[in-house]
Amino acid sequence: MGAGQLGQMLALAGRRLGFEFRFMSPESNAPAGRNSEMIVAEYSNEAALAHFAEGLDVATYEFESIPAEAVRFVAERVPVFPPIVAIETAQDRALEKQCFEKLGIPTAPFVVVSGMNEVRQALEKTGVPAVLKTRVLGYDGKGQAVIRRKDEIANAWVAVKGAPSIVESWVNFSRELSIIGVRGRTGETAFYPLVENYHSEGILRFSLAPAPNVSAELQSLAEDYSRRLMASLDYVGVIALELFQTETGLLANEMAPRVHNTGHWTIEGADTSQFENHLRAIAGLPLGSTEMGGAAGMVNVIGREPDVEKLQSVENVHIHMYGKVPRPKRKLGHITVTGDDLAGVRNSVSQVRNAMSR
Ligand code: AMP
């Protein structure tokens, strides 16, 4: 369910395993091609959902904003992984953070709010600066407003259109990390090395894998948080957990119950890509190795087409364009660079970013 670039890359990985795909999405920018079928329909269209589910061995979703009712409708007909509870939790920032809290996974202090007065009260707990984030339908920095001073409350409330939200303390993180984990139908788990991520305007710009200066303790702490999360959700598939590293340790920011942008480097950089491992997990196959040899960097192509010729001059560069119409802030593709070590990869990432800045 869903037919964006994540679905496209899942299908590319799955065709090599001999799988066939059917996609359903209201948009027609589909992963067309051999061994794929596309149903263009709204998720509220039950006839289309029934047609989608017919004859499938297993269904999955590549986008967490798909209405949970649509996923449930399909789950009544065919097995759906990851389980619905995962998409329901990830769709609502309040449920998500309460889930982290319940599992002892540290997060920034937060308060659930549904009115402007509650925002004012919440700031007593969170302090300022704080971030107001809508509970649902916020991603890539959308549906968020920073409150630096108390007189900014009213503007922030307008910015989130008065939607049910959470207020969260501003985190002075030293860096952003993510851990991509995968859990099979038998409960077996595997993890990729922690990834270091660079955002601006709430959008992921580039990632480095493995994240530099990660101790074995830090890696296993991140794995432990991801493992707890997967176990509690009885999870099957790939899950991403986004983390802030701070002076006092790791804080969970959010999770994505799907393959994730910060794992795209695994296509060339790891023994088994996150896409193949997601499919292996949901199909009940043994998981593939998540080992990586050297290092990898991934740069998102955002808003406009890159100069492919310039990019080709970078060593070990792998270009992935998604065939989407350029629009400001839209993810149009990604560029992966691989190398023996992080120093070389950092250098290649700079070259890619320069080639794209024009
Ligand atoms: P999110 O949609 O929650 O992933 O937020 C998008 C980006 O905004 C994050 O990757 C951070 O760079 C930044 N951000 C989100 N929440 C906070 C916070 N509480 N403190 C500081 N930066 C934040």
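Use the structure listed above.
Bear in mind the structure is a predicted one, so any value in this text is a computation, not a measurement.

K.L.:
Report on unusual backbone geometry, specifying residues and quantitative values.
P.N.:
The omega torsion across Val128 and Pro129 is -5 degrees, close enough to zero to call that bond cis. You can see Pro129 is positioned in the loop between helix 6 (116-126) and strand 4 (130-134). The phi angle at Lys161 is positive, at roughly 55 degrees, despite the residue not being glycine. Looking at the secondary structure, you find Lys161 in the loop between helix 7 (153-159) and strand 6 (165-169). Under the relative-accessibility criterion, Lys161 is labelled exposed at 77%.

K.L.:
Outline the environment of Pro328, supporting the account with residue identities and numerical values.
P.N.:
Position of Pro328 relative to the elements: it lies in the loop between strand 14 (317-321) and strand 15 (331-339). A relative accessible area of 72% means that Pro328 is categorised as exposed. C-alpha separation for the pair Pro328 and Phe173, spaced 155 residues apart in sequence, amounts to 28 Å.

K.L.:
An account of the side chain of Glu254 is requested, with residue identities and associated values reported.
P.N.:
Considering the arrangement of structural elements, one finds Glu254 in strand 12 (residues 249-256). In terms of polar contacts, Glu254 uses its side chain to reach the side chain of Arg93, at 3.0 Å. Leaving out residues up to four positions away in the same chain, Glu254 has contacts with Arg93, Glu96, Phe100, Ala240, Leu241 and Glu242.

What counts and what doesn't
Residues numbered from 1 in each chain as written. Predicted model: local features only at pLDDT ≥ 70, side-chain atom pairs only at ≥ 80, totals over all residues. Heavy atoms only, no water. Helix = DSSP H or I, 4+ residues; strand = E, 2+ residues; numbered from the N terminus. Buried < 20%, exposed > 50% of the residue type's maximum accessible area, 1.4 Å probe, protein only. Polar contact = N/O pair within 3.5 Å; in protein donor to acceptor, adjacent residues only side chain to side chain. Contact = heavy atoms within 4.5 Å.

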